Protein chains: 2
Amino acid sequence: MASSTVENYVKRIFLAQQTTADGLVPVGQLATIMNVVPGTATSMVKALSDSGLAEYAPRTGVRLTRGGEQLALHVLRRHRLLELFLVKALGLDWSEVHTEAEELEHAVSDRVLERIDDFLGHPSVDPHGDPIPSARGKMAEPSAVSLADCEVKKRLRVSRVADQQPAFLQLMERSGLIPGALVRVENRDEVAGAVVVVPGGDDPVVLGFSAARKVFVE
Amino acid sequence: MASSTVENYVKRIFLAQQTTADGLVPVGQLATIMNVVPGTATSMVKALSDSGLAEYAPRTGVRLTRGGEQLALHVLRRHRLLELFLVKALGLDWSEVHTEAEELEHAVSDRVLERIDDFLGHPSVDPHGDPIPSARGKMAEPSAVSLADCEVKKRLRVSRVADQQPAFLQLMERSGLIPGALVRVENRDEVAGAVVVVPGGDDPVVLGFSAARKVFVE
DNA sequence: ATACTAATTTTGACTAATCAAAATTGCAAT
DNA sequence: ATTGCAATTTTGATTAGTCAAAATTAGTAT
Ligand SMILES: [Mn+2]
Ligand SMILES: [Mn+2]
Ligand SMILES: [Mn+2]
Ligand SMILES: [Mn+2]
């Protein structure tokens, strides 16, 4: 059985890989993500390689094997189903479920997880709009169009908010920018690095590019 | 923060203490309960003593301090609320929830736990009839009268089944001996070490003393 | 080519939890 | 009083995961 440490590393490598072209994650970057010193990440990556979960090219980076990827998808499935369950069944706020799921994802059994999946009616996305991998390890890929690069003056639907920090999620909720909401980008100023967004019935909201890049639409 | 290992030790010491007069648990007994070799239990007990959770008298036994007891009650509260939640909210069988709760009890936060408590309407007992400690660490003491020593030929109510083994719980369920059920002990044969029990509407059931001692009534 | 730098790896040390096996001890039976 | 034994403790190792700090290396700039 993979320890929760291994599960966390593998999950983070998987997510970091998504943002690269070659799927190679530098060990230093992994260390930053995992909040450990570089040497710790190096030895962990060697261990993952020894156990067949990753391929490790010294001074180059890590990449998950097929097995590592399947494990990562399993952990992500647990994480995201738990997040949705905490919101739907227990009424937690979408800004607090990430932290909770970070622990529970290592403690919940397959048996309980499938009950949760049934309870939720086999959902395809979590409260933040992130896709939930299937039990067989298939995951839809989410929209890549954000408020920072979408068409202007067009009615669009928010599909995903890609930042787990409570303060950010609370702001998005106050601004009416939650998955499912309709929005229109009124104006985008490349020089100022800001967009003016008009959510459903609400007042216009100004977002900097760094924030706008985290809100995806369809 | 106490590790899950520490939480498990403290919980087990607490439960073992309940069965002794002086509240002293021999280290060897603790080792057996925890499925570790005696030396492991000795060093763990020293560590618990160093961190103020227990008092350790070499070659005599361990006893929890007030702090250790409070921790044990907190873990027990988590365990039992989770068991009931798994039964009530997700429809798991009472024979399988113990194993699940054994892991989840270390991963669930106070915030989530109180939501679960609200959802369940602040219950006082878990699916096996074990009392659920309050958030402040108070726990009712359960009935000590079992089918092995209760009054004969009298209508009584099953209040607790004190064995977590799935096979035992499944048998009790098939026999109609679940908390809340009405029963009558038809006959008790001290020599044969067996009791004949008549549950609510069901057929008579014969239990050996070792089994009868695990079913408590009121 | 040389020197510098930033990323990475290596080395050595530490903690928590465990086991195997040897040493100790308290007590009971002779 | 001795002896023997069963429980307990001690000792020495091991594994997973981590950090601090030194060593290495692959470029980059001169
Ligand atoms: Mn996690
Ligand atoms: Mn999420
Ligand atoms: Mn446990
Ligand atoms: Mn129980």
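Structure shown above.
Residues numbered from 1 in each chain as written. Chains lettered and ligands numbered in written order. Predicted model: local features only at pLDDT ≥ 70, side-chain atom pairs only at ≥ 80, totals over all residues. Heavy atoms only, no water.

Draft legend 1. Seen up close, the coordination of the manganese ion (ligand 2). Residues and elements named next belong to chain A. Glu83 (OE), Asp126 (OD) and His128 (ND1) make up the full set of protein donors to the manganese ion (ligand 2), lying at 2.1 to 2.3 Å. Each donor residue of the manganese ion (ligand 2) lies on the same chain, and together they follow the pattern E-x42-D-x1-H. With Glu83 in helix 4 (residues 66–88) and His128 in the loop between helix 6 (110–120) and strand 3 (155–161), the pair connects residues that are 45 residues apart, well separated along the chain. For the pair formed by Glu83 and His128, the shared burial category is buried. (Donors = N, O, S within 2.8 Å, 3.2 Å for Na, K, Ca; no water. Helix = DSSP H or I, 4+ residues; strand = E, 2+ residues; numbered from the N terminus. Buried < 20%, exposed > 50% of the residue type's maximum accessible area, 1.4 Å probe, protein only.)

Draft legend 2. Up close: the pairing of strand 5 (residues 194–199) of chain A. All names here are of chain A. Note that strand 4 (residues 182–189) and strand 5 share six bridges and pair antiparallel. When the bridges of strand 5 are listed, Arg188 appears paired with Val195. Linking two consecutive strands that pair antiparallel, namely strand 4 and strand 5, is a turn of four residues; a positive phi of about 70 degrees is found at Gly193 within it. Where strand 5 and strand 6 (residues 205–208) come together, four bridges link them in antiparallel fashion. Residue pairing across strands places Ala194 opposite Gly208, the latter belonging to strand 6. (Pairing = 2+ DSSP bridges.)

Draft legend 3. Spatial organisation of the pairing of strand 5 (residues 194–199) of chain B. Counting buried residues in strand 5 of chain B gives five out of six residues, a clear majority hidden from the surface. Here strand 5 of chain B hands over to strand 6 (residues 205–208) of chain B after five residues, the two strands then running antiparallel side by side.

Draft legend 4. Seen up close, the protein's contact with DNA strand D. Taken together, 20 residues form the shell around DNA strand D, and within it Ser3 and Thr40 of chain A together with Lys46, Tyr56 and Arg59 of chain B come nearest. Restricting attention to atoms of DNA strand D within 4 Å of the protein, one finds that 76% of them are sugar or phosphate atoms. At 2.2 Å from a phosphate oxygen of DNA strand D is found a side-chain nitrogen or oxygen belonging to Tyr56 of chain B. Looking at the surface near DNA strand D, the elements that each hand over two or more residues are helix 1 (4–18) and helix 3 (38–50) of chain A together with helix 2 (27–34) and helix 3 (38–50) of chain B. The leading source of residues in the surface near DNA strand D is helix 3 of chain B, at four residues. In terms of residue class, the surface near DNA strand D is built from nine nonpolar, eight polar and three charged. (Near = heavy atom within 4 Å. Polar contact = N/O pair within 3.5 Å; in protein donor to acceptor, adjacent residues only side chain to side chain. Nonpolar A, V, L, I, M, F, W, Y, C, P; charged D, E, K, R; others polar.)

Draft legend 5. How the structure looks around the interface of chain A and chain B. On the side of chain B, 18 residues touch chain A, which itself brings 18 residues to the contact. Together chain A and chain B conceal approximately 1600 Å² of surface at their shared face, both sides included; 61% is due to carbon and sulfur atoms. When the buried surface of chain A facing chain B is broken down by residue, Leu90, Arg111 and Arg115 of chain A rank first, second and third, together holding 33% of it. For the pair chain A and chain B, the number of links is four salt bridges. If you look at where chain A meets chain B, you find 10 residue pairs in polar contact (both at pLDDT 80 or more). Of all the secondary-structure elements, those providing two or more residues to the side of chain A that touches chain B are helix 4, helix 5 (97–104) and helix 6 of chain A. It is helix 6 of chain A that provides the largest number of residues to the side of chain A that touches chain B, a total of five residues. Across the side of chain A that touches chain B, the residue classes break down as 11 nonpolar, two polar and five charged. (Contact = heavy atoms within 4.5 Å. Buried area = accessible area lost by both parts, 1.4 Å probe. Salt bridge = Lys/Arg side-chain N within 4 Å of Asp/Glu carboxyl O.)

Draft legend 6. Region of interest: the environment of Val125 of chain A. All names here are of chain A. Structurally, the position occupied by Val125 is in the loop between helix 6 and strand 3. For Val125, a relative accessible area of 40% gives the class partly exposed. For Val125 and Leu81, which are 44 residues apart along the polypeptide, the C-alpha to C-alpha distance reads 8.4 Å. When sequence neighbours within four positions are dropped, the list of residues in contact with Val125 reads Leu84, Asp130, Pro131 and Ile132.

Draft legend 7. View of the coordination of the manganese ion (ligand 1). Donor atoms from the polypeptide that coordinate the manganese ion (ligand 1) comprise Asn8 of chain A (OD1), Glu102 of chain A (O), Glu102 of chain A (OE), Glu105 of chain A (OE) and His106 of chain A (NE2), at 2.0 to 2.4 Å from the metal. Each donor residue of the manganese ion (ligand 1) belongs to the same chain, and together they define the spacing N-x93-E-x2-E-H.

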